[in-house]
Amino acid sequence: MNFFLNDSMEHPSVAVVILNWNGKSFLQQFLPSVLQSTYPNLKFYVADNASTDGSVKFLKEQYAEVEVIPLSENFGFAKGYNLALQQIKTEYFILLNSDVKVVPQWIEPMVSLLAQNPKIAACQPKLLSFSNPQSFEYAGAAGGWLDALGYPFSRGRVFEDCEADQGQYDDASPIFWASGAAFFVRGSVFRQVGGFDPYFFAHQEEIDLCWRMQLAGYQIFACPQSVVYHVGGGTLPKGNSLKTFLNYRNNMILLYKNMRFGNWLIVMLLRLMLDVISGFRSLIAGDKGYFLAVIRAVFAFWKWIFSQKRDNVFPADLKSFRPFGLYRGSIVWQYFVKGKKNFSEIVEKE
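The model shown is predicted, which means the values in this text are computed figures rather than measured ones.

Caption draft 1: Spotlight on the packing of helix α6 (residues 205–215) against helix α7 (residues 241–258). Contact geometry for α6 and α7: axes closest at 10 Å, N-to-C directions at 10°. What the angle tells us is that α6 and α7 run roughly parallel. Within the contact between the two elements, α6 uses Ile207, Asp208, Trp211, Arg212 and Leu215 and α7 uses Leu254, Leu255, Lys257 and Asn258. The residue inventory of the contact of α6 with α7, partitioned by class, reads 5 nonpolar, 1 polar and 3 charged.

Shown next, in the form of structure tokens:
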């Protein structure tokens, strides 16, 4: 497959949209690389979630070519992007974290991939670590998968273990979810399925969106011919109690929304047991904040079930479809019991 558009081909419109909240230092460091992108039909936007660090003033003074979309408060990743993208007309969106360094021709392979296959709704580049460029980066690596119990992992990353990039995942491949750190999406499909679920605020909203896009008949792809370098943890660093809370709560919500009820009930019983065990292990290890975040997430999930309006919940007949990138086994068993740390050791050709 040719991953670069020919000169004779029309270049569809692309908008790079960076959602910012008090990320002035990242914008100073990484925005110059984004502006050096070689794709010709391209516009740049920064949607600002009511930053207080002078980000907007800095952008307006230093980068006139970047259009700023000011938001009235910190709406988080999900609602912040929903509000911003409503104001932009383009064929493709690239939702890009502010802590990502790109190479000049990072956009062309992704445009080419989607232009050649209208059933692909979204894709992601290969994510490498900014601090260790020979290693995959946690937040998506070479494309996201989900196991039978709803635990996300990636080609190149299982739990905390990130593999060295040795070209082992350099094939353009269908995946379950594309990373929100560098999320390339067809604008028409984003609108068709309702965008991100604003209740998620942040974390795993891209997994929920990709699942809904697959249920609607589309595919999600990894496009490793495009490469970016991600710092990671810029807004909510690893170990942050809010991050733990959002990850656990949102994961339970996305399973409820997108699975058939019978399957969900079995998974939830197992997940509650494993999540509580994980919480108590952290408590015994002295991490009270992690334990409390897990317990809060469980109660928040049940509160959501009984009190929140649940939009974009697919009917049972669509939920019978098995998305690509759904591993039938348990990565908890493979990783902690069998000691398998690499994606390729766990997942056979599906």
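Caption draft 2: Region of the structure containing a nonpolar patch on the surface. Where nonpolar side chains cluster on the molecular surface, the patch consists of Ile266, Leu270, Met273 and Ile277 and spans about 370 Å² of accessible area. Relative to the helices and strands, Ile277 is located in helix α8 (residues 261–284). Judged by its relative accessible area of 44%, Ile277 falls in the partly exposed class.

Caption draft 3: Structural detail: the pairing of strand β1 (residues 14–20). Here β1 lies mainly inside the structure; 7 of its 7 residues are buried. Burial of β1 is two-sided: the residues Val14, Val16, Ile18 and Asn20 facing one way and the residues Ala15, Val17 and Leu19 facing the other way are all buried. The sheet contact formed by β1 and strand β4 (residues 92–96) spans 5 bridges and is parallel. The residue bridging Ile18 from the neighbouring strand is Leu96, located in β4. Here β1 runs beside strand β2 (residues 42–48); their pairing, made up of 7 bridges, is parallel. Bridge pairing links Ile18 to Val46 in β2.

Caption draft 4: Region of interest: the environment of Leu42. Along the polypeptide, Leu42 turns up in strand β2. Along the chain, Leu42 and His11 lie 31 residues apart, while their C-alpha atoms are 9.3 Å from each other. The contact partners of Leu42, leaving out residues within four places of it in the chain, are Val14, Val16, Ser37 and Ile107.

Rules of the game
- Residue numbers run consecutively from 1 along every chain, following the written order of its sequence.
- Totals for whole chains, interfaces and linings use all residues, but because this is a predicted model, local features are given only for residues with pLDDT of at least 70 and pairs of side-chain atoms are given and counted only at 80 or more.
- Only hydrogens and water are set aside; all other atoms, that is, all heavy atoms of the structure, feed into the side-chain values.
- Angles here are taken between N-to-C directions and fall from 0 to 180 degrees, while the axes themselves are lines fitted to C-alpha atoms, restricted in helices to the stretch in contact.
- Where helices and strands are cited, they refer to DSSP runs of H or I of at least four residues and of E of at least two residues respectively, numbered from the N terminus.
- Just so you know how the angles are binned, under 35 degrees is roughly parallel, over 145 roughly antiparallel, 65 to 115 roughly perpendicular, and the rest oblique.
- Throughout, a residue-residue contact means that at least one pair of heavy atoms, one from each residue, lies within 4.5 Å.
- Any residue that is not Ala, Val, Leu, Ile, Met, Phe, Trp, Tyr, Cys, Pro, Asp, Glu, Lys or Arg is counted as polar, Gly included; the first ten are nonpolar and the last four charged.
- Note on patches: the residues involved have over 30% relative accessible area and no salt bridge, like charges join within 9 Å, and the nonpolar side chains Val, Leu, Ile, Met, Phe, Trp and Tyr join within 5 Å.
- Only the protein chains shown count as cover for residues, and all accessible areas are computed by the Shrake-Rupley method using a 1.4 Å probe.
- One side-chain nitrogen of Lys or Arg within 4 Å of one carboxyl oxygen of Asp or Glu is enough to make a salt bridge.
- Relative accessibility thresholds used throughout: buried, under 20% of the residue-type maximum; exposed, over 50%; partly exposed, between the two (1.4 Å probe, protein chains only).
- Two strands pair under a simple rule: DSSP has to find at least two bridges between them.

Coordinates in, geometry out; function isn't part of it.
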